[in-house]
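# Secondary and tertiary structure notes
Listed below are the residues making up each chain.
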Amino acid sequence: MYFSKANLYRRQFRLKIFLFILHEFYYEFLFFSSGNMSQAMYLWYHDQRSRGQAFLNKSIQYNDDIRDRLEETYYGTQLQQNISMWRTLIDANNLNRKALQEGRDFYTQMSNYQNILKVIEDELTRNITDNLDLAIYHSNQTVGAQLFILILALILFPSIIILLRHITGQIQGFASVLQTKNEEVMKEKKRAEAVLNQLLPRQIAEKVKNRETIYPESYDQVTIFFSDIVEFTNFSSISTPLQIVDTLNKLYTAMDKRIGNYDVYKVETIGDAYLCASGLPERNGNRHSYEIASMSLDLISDISAIRIPHKPDYALRLRIGMHTGPCAAGIIGNKMPRYCIFGDTVNTASRMESHGEPLRIHLSSATHDALRYFGVFEMECRGEIEVKGKGLMTTWWLLKKLKEDKKQMFGPGV
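A few points on the structure.

Cut-offs applied
- Residues numbered from 1 in each chain as written.
- Predicted model: local features only at pLDDT ≥ 70, side-chain atom pairs only at ≥ 80, totals over all residues.
- Heavy atoms only, no water.
- Helix = DSSP H or I, 4+ residues; strand = E, 2+ residues; numbered from the N terminus.
- Buried < 20%, exposed > 50% of the residue type's maximum accessible area, 1.4 Å probe, protein only.
- Expected span 1.5 Å × (residues − 1).
- Arc of directions from axis to C-beta.
- Contact = heavy atoms within 4.5 Å.
- Pairing = 2+ DSSP bridges.
- Phe/Tyr/Trp six-rings, centres within 6.5 Å; stacked < 30°, edge-to-face > 60°.
- Lys NZ or Arg CZ within 6 Å of the ring centre and 35° of its normal.
- Axes fitted to C-alpha atoms, helices over the stretch in contact; angles between N-to-C directions.
- Nonpolar A, V, L, I, M, F, W, Y, C, P; charged D, E, K, R; others polar.

## Overview of unusual backbone geometry
Leaving glycine aside, a negative phi is the common case for residues, and trans is the common case for peptide bonds. Going from Leu 280 to Pro 281, the amide bond is cis rather than trans, its omega being -5 degrees. With respect to the element layout, Pro 281 can be found in the loop between strand S3 (273-278) and helix H9 (287-304). Although it is not a glycine, Glu 231 sits at a positive phi angle of roughly 60 degrees. Mapped onto the secondary structure, Glu 231 falls in the loop between strand S1 (217-229) and helix H7 (232-237). Owing to a relative accessible area of 46%, Glu 231 belongs among the partly exposed residues under this scheme.

## Examining helix H8 (residues 241-259)
Helical geometry note: an α-helix holds 3.6 residues per turn, so side chains three or four residues apart project in the same direction. Spanning 19 residues, H8 covers 27 Å between terminal C-alpha atoms, matching the ideal 27 Å at 1.5 Å per step. Within H8, the full set of buried residues consists of Ile 244, Thr 247, Leu 248, Leu 251, Tyr 252, Met 255 and Ile 259. Along the axis of H8, the buried positions cluster into a sector of 125 degrees, meaning they face one direction only. Residues of H8 that are exposed and point more than 90 degrees away from the buried face comprise Leu 242, Val 245 and Lys 257. Where the residues of H8 are buried, they touch S1, H7, strand S2 (265-270), S3, H9 and strand S4 (307-308).

## Considering the pairing of strand S5 (residues 311-315)
Of the pairings in the sheet, the one linking S4 to S5 comprises two bridges and is antiparallel in character. Across the sheet, Arg 307 pairs through a bridge with Ala 315, a residue of S5.

## Regarding the packing of aromatic side chains
To describe a pair of aromatic rings, one takes the distance between the centres and the angle between the planes. Applying the stated criterion to the full structure yields eight aromatic pairs. Judged by centre distance (6.5 Å) and plane angle (85 degrees), the rings of Phe 225 and Tyr 274 are edge-to-face. With Phe 225 in strand S1 and Tyr 274 in strand S3, this residue pair connects regions lying 49 residues apart in the sequence. Here Phe 225 falls in the buried class, since its relative accessible area comes to 0%. Ring centres of Phe 232 and Phe 235 lie 5.7 Å apart, and the angle between their planes is 35 degrees; this geometry places the pair in the tilted category. Separated by three residues within a single helix, Phe 232 and Phe 235 lie in helix H7, roughly one turn from each other. An aromatic cluster is built from Tyr 290, Tyr 373, Phe 374 and Phe 377, whose rings are joined through pairwise contacts. Across from the ring centre of Trp 397, 4.2 Å away, lies the NZ or CZ of Arg 360, which sits over that ring.

## Let's talk about the pairing of S1
Sheet analysis places S1 next to strand S6 (residues 318-332), joined by 11 bridges and oriented antiparallel. Directly across from Ile 229, in S6, lies its bridge partner Leu 318. Across five bridges, the pairing between S1 and S3 is antiparallel. In the strand pairing of S3, Ile 224 is matched with Ala 277.

## Focus: the packing of helix H2 (residues 39-62) against helix H4 (residues 78-92)
In contact at an axis separation of 11 Å, H2 and H4 are set at 145 degrees when each is read in the N-to-C sense. From H2, Tyr 42, Tyr 45, His 46 and Arg 49 reach across to H4, where they touch Arg 87, Ile 90 and Asp 91. Each residue belonging to the contact of H2 with H4 can be placed in one class, and the counts come to three nonpolar, one polar and three charged.

Listed below in structure tokens is the structure:
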């Protein structure tokens, strides 16, 4: 059966290729003997040539050896260039003169091409036959080995059944243990991912999990928020370390909860200082100043409402500074990596906080200009003040926000 298939393929390759070449010979002979072909003959010629080329392409897809041999003996040779030149002349179909010498030359070129295909066909047949012989040889060996195994299995069948039952029991026990361990690993993985997502921005955390290289990035416009608790040093002096930790935990929990309502990223906390930003790591157009300002107004009232159990008469007073401008951000360190922001914008926001007043939100002129665009914030000019490291600066107080529809301002997706 294998040899019959090989012979069938061989005959198909030889008969179809050479049949199409014979047709091409015939019509090309008519062309060179008269100088042109009628439209019907021209269309039939192209049909036969296209079908011949299509069969050759299909044969190449079926067996890479045909392509390799054509590349060695035909593709890129002078013979291919000559045949392509003659076919281009025939495709034009406007020679309008007899060209018997050209016809003889073309016949010689096509005969050489036919000889190349004949050699390839013979080599292909030999390869198929050799491969089939080798396959039959291996198949005979395989059948013999399988027959031996079958006889051996029949002899050892009872022992095999007992052994298989024992192995099956062990496998089931191992699978149960493995499933339990896998569930524990998945739980730990989820916990680790949750911790990582708390330490780093979501898209940065995904890159870390995928072991991707994380490059620093610059941002044209962001708004930075700085805050601290007024007279927190005095408060710490009259509190125990555990009381301080408990108070800061209440403070940061309230602030973290409020941040969750806005497009704001918490960068870090140092003591009673709280740093966050909007407009990074995901850019949000011109919304960053709006998000920070709205959050700051809410935080003033939220923090004032916190009561300290060991000092109920003490009220936490927040002092906030804001500045808008460019900055850079990236991952710093390999052990306990942190997402940090850098630039003069961060320093200026810190100066706005340190030069501010309790329970007030201190703005730079850049943030004031950014907020004026929305027309929903009431601000008061503080005037020019001397800012450490900056010189004279005109600053503003953020007083309140008028009622507005956030969805109407930024769209339903906000």
